[in-house]
Amino acid sequence: MWRALSILLIGALPAMAGLKNLSLPHALEILDQKNIEIKVSQYEETMKKYDELVVEGQNWGSATITLQALRSNDAGNVFGFKLQSREANFGDFGAQEFMTNSFLCQNGNMQACNDMYTKPPHNLNFPAPRNHFLTKLTYQIPLYTGGKLTEYQTITRKLYEMSKLDTRKLRNEKIFQVKKAFYDITLVQRYITNLRKIRNNMVKLKKTIIEMKKEGYTKKTDVLEVEARLAKVDSMLNQAKLNKTLAYQFLSFLLDTEVDSIRPTSLIVHAPKIRKEDIEKMNIDILKAKMGLQVAEHAIKTEKANFLPTVGAFGEYGSADNTLWNDFAHKDFWTVGVQVQLNVFNGGSDKARLEKARVQRMKVARQVELAKKGIWLQVRKMLTEVKSLEYDIRSEQKQLNLAREVYKTYEEKYKEGLASITDLLVKQSMELEVLLKYLQVANKHSEKVFELEKILDLGGRS
């Protein structure tokens, strides 16, 4: 019973209210805080930063503490254990057996004389089992690697910076989508407003036709034609409302926050002024390509390091005994050393890798040039399209104004009996078509402008 009651109570709770009258600047703030894709990209940034720290840490070497607990009756192990514990004595070499045989040999025992040098000592070869506890601290550090570690660190730092550019690019894409969603909602709202005006005019026209029919000036088919046209407008209005709902759903997804209404944005957008040098300084794809060229140059230096020696140092300090940490300081030991290593031959593999890195660098340099020219070409094409669409917008606005005036003129003519209902509805259809075309052109224009802002990394600045 309680479970059923709780379900009823939950069902009776009102749905969480979404944001109302949301402005575009506020939406962009929410985007930075809550967009899931941006957060994922920022996590990727953080991982790249840790990659850099991993390489940086190798410059400081490594220190390890080792604790070994062993037990053995192996002759070599037991003697080694005693020697490392500083407990080895002549008795471990069979000194007692040697002295016994020596005494017997002096008393004429020839077998003892022979055993002095040929019989294996029992204590040395068959020792009793022994425990061995070894504790030691080992420190190793690279002193010189031919610059390889330095180059690795520089490369990982560049990769981290490239990941930050990836996040900026993704953020620009999301800003583009948010701006486009705001513009689409504003545009479809204007479309809905115009459709409602047209519908109201048609409702008034229907009432006028019905009144005129009573006077015998119109026919029943006139009423039917208006009703049919009214049904079509209602269908278009319903479709527009559905599109508006979908736009709000997409905006809510981008912000990871429910949005109920927005503050309408301006439908007049202007293309940014663009110079070629601005693109090379601001476009993220070009910046990434340039950074990739720097990585390729450092990769060449990394491969050159294979022809240089590497120098490393190490130190070791510890203590060993058959009892854990017994008399540690008295039985301690230490070792220090330096190692120099130089590869003198490996079948030409290092040379091949170096040449491959050089070719990669030339390839990336060409890709940078291609990115510059390709993006500049794309921008010029988009600027041309924007100018063309701006002309189309002005043209369609004039066509829309004309269509509205023509409809009003034919409406008066119809009332005066100088035009048929068919003529009037045709003009009304033309007005709808021109309105729809005008809004489509405006939508294309805004999309191109927002794309230009995205290319110039202006999305978050304007």
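Residues numbered from 1 in each chain as written. Predicted model: local features only at pLDDT ≥ 70, side-chain atom pairs only at ≥ 80, totals over all residues. Heavy atoms only, no water.

Some details on the overall build of the protein
Piece 1. Each helix and strand counted, the protein has 13 helices and four strands in total.
Piece 2. A principal-axis box enclosing the C-alpha atoms of the protein has dimensions of 160 × 75 × 35 Å.
Piece 3. The contacts of the protein with a sequence gap of at least 6 include a subset with a gap of at least 24, amounting to 84%.
Piece 4. Carbon and sulfur atoms make up 57% of the accessible area of the protein, which amounts to about 28,300 Å² in all. (Helix = DSSP H or I, 4+ residues; strand = E, 2+ residues; numbered from the N terminus. Contact = heavy atoms within 4.5 Å. Areas by Shrake-Rupley, 256 points an atom, 1.4 Å probe, with all protein chains shown as cover.)

So, empty space enclosed by the protein
Piece 1. Under the definition given, this model contains one cavity of 30 Å³ or more.
Piece 2. Empty space within the largest cavity amounts to approximately 40 Å³.
Piece 3. What lines the largest cavity is Phe133, Thr135, Ser319, Ala320, Asp321, Thr323, Leu324, Trp325, Asn326 and Phe328.
Piece 4. Listing elements by their share of the lining of the largest cavity, those giving two or more residues are β2 (130–144) and β3 (310–321).
Piece 5. Grouping the constituent residues of the lining of the largest cavity by class yields five nonpolar, four polar and one charged. (1 Å grid on protein atoms, 1.4 Å probe; cavity = no way out; pocket = protein on both sides within 12 Å on 5 of 7 lines; lining within 4 Å. Points joined across faces, edges and corners; volume = space filled by probe spheres on them. Nonpolar A, V, L, I, M, F, W, Y, C, P; charged D, E, K, R; others polar.)

Observations concerning the layout of surface pockets
Piece 1. Each pocket or cavity is described by its volume, and for the largest pocket that value is around 340 Å³.
Piece 2. Around the largest pocket, the lining comprises 14 residues; the ones closest to its centre are Asp184, Leu187, Val188, Tyr191 and Asn243.
Piece 3. The element contributing the most residues to the lining of the largest pocket is helix α9 (residues 220–255), with six residues.
Piece 4. In terms of residue class, the lining of the largest pocket is built from nine nonpolar, four polar and one charged.
Piece 5. For the second largest pocket, the calculated volume is near 250 Å³.
Piece 6. In this structure, the second largest pocket is lined by 13 residues; those nearest its centre are Leu267, Ile268, Val269, Ile393 and His445.

Considerations on the nonpolar core
Piece 1. Ranked by internal contacts, the top residues of the largest apolar core, which has 58 residues, are Leu205, Ile279, Val379 and Ile421.
Piece 2. When residues of this core are traced back to their parent elements, those giving at least two are α8 (148–214), α9, α10 (276–282), α11 (284–304), α12 (349–415) and α13 (421–455).
Piece 3. When residues of this core are assigned to their parent elements, the largest contribution, 15 residues, is made by α12.
Piece 4. In this view, Leu205 contacts Val226, Tyr407, Tyr414, Ile421 and Leu424; residues no more than four positions away in its chain are not counted.
Piece 5. Core analysis: the next-biggest nonpolar cluster, separate from the first, contains 19 residues, Ala27, Leu28, Ile30 and Tyr248 among them. (Core = buried A, V, L, I, M, F, W, Y, C linked by side-chain atoms within 4.5 Å. Buried < 20%, exposed > 50% of the residue type's maximum accessible area, 1.4 Å probe, protein only.)

A word on the packing of aromatic side chains
Piece 1. Taken as a whole and assessed by the stated rule, the structure comprises three aromatic pairs.
Piece 2. Centroid distance Tyr183 to Phe450: 6.2 Å. Interplanar angle 80°. Geometry classified as edge-to-face. Here the residue Tyr183 occupies a position in helix α8, and Phe450 occupies one in helix α13, the gap between them amounting to 267 residues.
Piece 3. Judged by relative accessible area, which is 8%, Phe450 ranks as buried.
Piece 4. Plain terms: the ring middles of Phe250 and Phe253 are 6.4 Å apart, the flat faces sit at 25° to each other, and that makes the pair stacked. Highlighted residues: Phe250 and Phe253, both in helix α9, separated by three residues, approximately one helical turn. (Phe/Tyr/Trp six-rings, centres within 6.5 Å; stacked < 30°, edge-to-face > 60°.)

Section: the packing of α11 against α12
A pair of packed helices can be characterised by two numbers: the angle between their axes and the separation between those axes.
Piece 1. For the pair α11 and α12, interaxial distance at closest approach is 9 Å and the crossing angle is 170°. Between α11 and α12, the angle is such that the two are roughly antiparallel. In contact with Asp285, Ile286, Ala289, Lys290, Gly292, Leu293, Ala296, Glu297, Ala299, Ile300, Glu303 and Lys304 of α11, α12 contributes Arg353, Leu354, Ala357, Arg358, Arg361, Val364, Ala365, Val368, Ala371, Lys372 and Ile375.
Piece 2. Of the residues belonging to the contact of α11 with α12, the class tally is 13 nonpolar, one polar and nine charged. (Axes fitted to C-alpha atoms, helices over the stretch in contact; angles between N-to-C directions. Parallel < 35°, antiparallel > 145°, perpendicular 65-115°, else oblique.)

Details of the pattern of salt bridges
Piece 1. In total, this model carries 27 salt bridges according to the counting rule given.
Piece 2. One salt bridge in this structure joins Glu369 and Lys372, with 4.0 Å as the shortest N-O distance. You can see Glu369 and its partner Lys372 sitting in helix α12, three residues apart, about one turn around the helix.
Piece 3. Under the relative-accessibility criterion, Glu369 is labelled partly exposed at 36%. (Salt bridge = Lys/Arg side-chain N within 4 Å of Asp/Glu carboxyl O.)

Quick notes on helix α3 (residues 36–57)
Piece 1. With 22 residues, α3 should reach 32 Å at 1.5 Å per residue; the first-to-last C-alpha distance of 32 Å fits that figure.
Piece 2. The complete set of buried residues in α3 reads Ile38, Ser41, Glu45, Glu52 and Val55. Down the axis of α3, the buried set is contained in an arc of 90°. They therefore lie on one face. Every exposed residue of α3 that faces more than 90 degrees away from the buried side is listed here: Ile36, Tyr43, Tyr50 and Val54.
Piece 3. Capping the start of α3 is the job of one residue whose side-chain oxygen sits 3.1 Å from the backbone nitrogen of Glu37: Asn35. (Expected span 1.5 Å × (residues − 1). Arc of directions from axis to C-beta. Polar contact = N/O pair within 3.5 Å; in protein donor to acceptor, adjacent residues only side chain to side chain.)

Side note on the sheet that holds strand β4 (residues 332–341)
Piece 1. Taken in spatial order, the four strands line up as β1-β2-β3-β4 in an open sheet, and their pairing is antiparallel. Both edges of this open sheet fall to β1 (62–72) and β4, since each of them pairs with a single strand only. Sheet twist, expressed as the average angle between the axes of neighbouring strands with direction ignored, equals 20°.
Piece 2. Alignment of β1 against β2, held across 11 bridges, turns out to be antiparallel. Looking at the pairing, Arg71 lines up with Asn131 of β2.
Piece 3. Sheet strands in contact with helix α4 (residues 75–84) are β1, β2, β3 and β4, and its direction is about 70° off that of β2. (Pairing = 2+ DSSP bridges.)

A word on the environment of Gly318
Piece 1. By the element assignment, Gly318 lies in strand β3.
Piece 2. Once the C-alpha coordinates of Gly318 and Lys331 are considered, the two residues, 13 residues apart in sequence, prove to be 8.5 Å apart.

Describing a nonpolar patch on the surface
Piece 1. Nonpolar side chains collect at one region of the surface, where Leu143, Tyr144, Leu308, Val338 and Val340 lie side by side and expose about 480 Å² of accessible area between them.
Piece 2. Among the secondary structure elements, those contributing two or more residues to the nonpolar patch are β2 and β4.
Piece 3. Examined against the element boundaries, Leu143 turns out to sit in strand β2. (Patch = residues over 30% accessible without salt bridge, like charges linked within 9 Å, V, L, I, M, F, W, Y side chains within 5 Å.)

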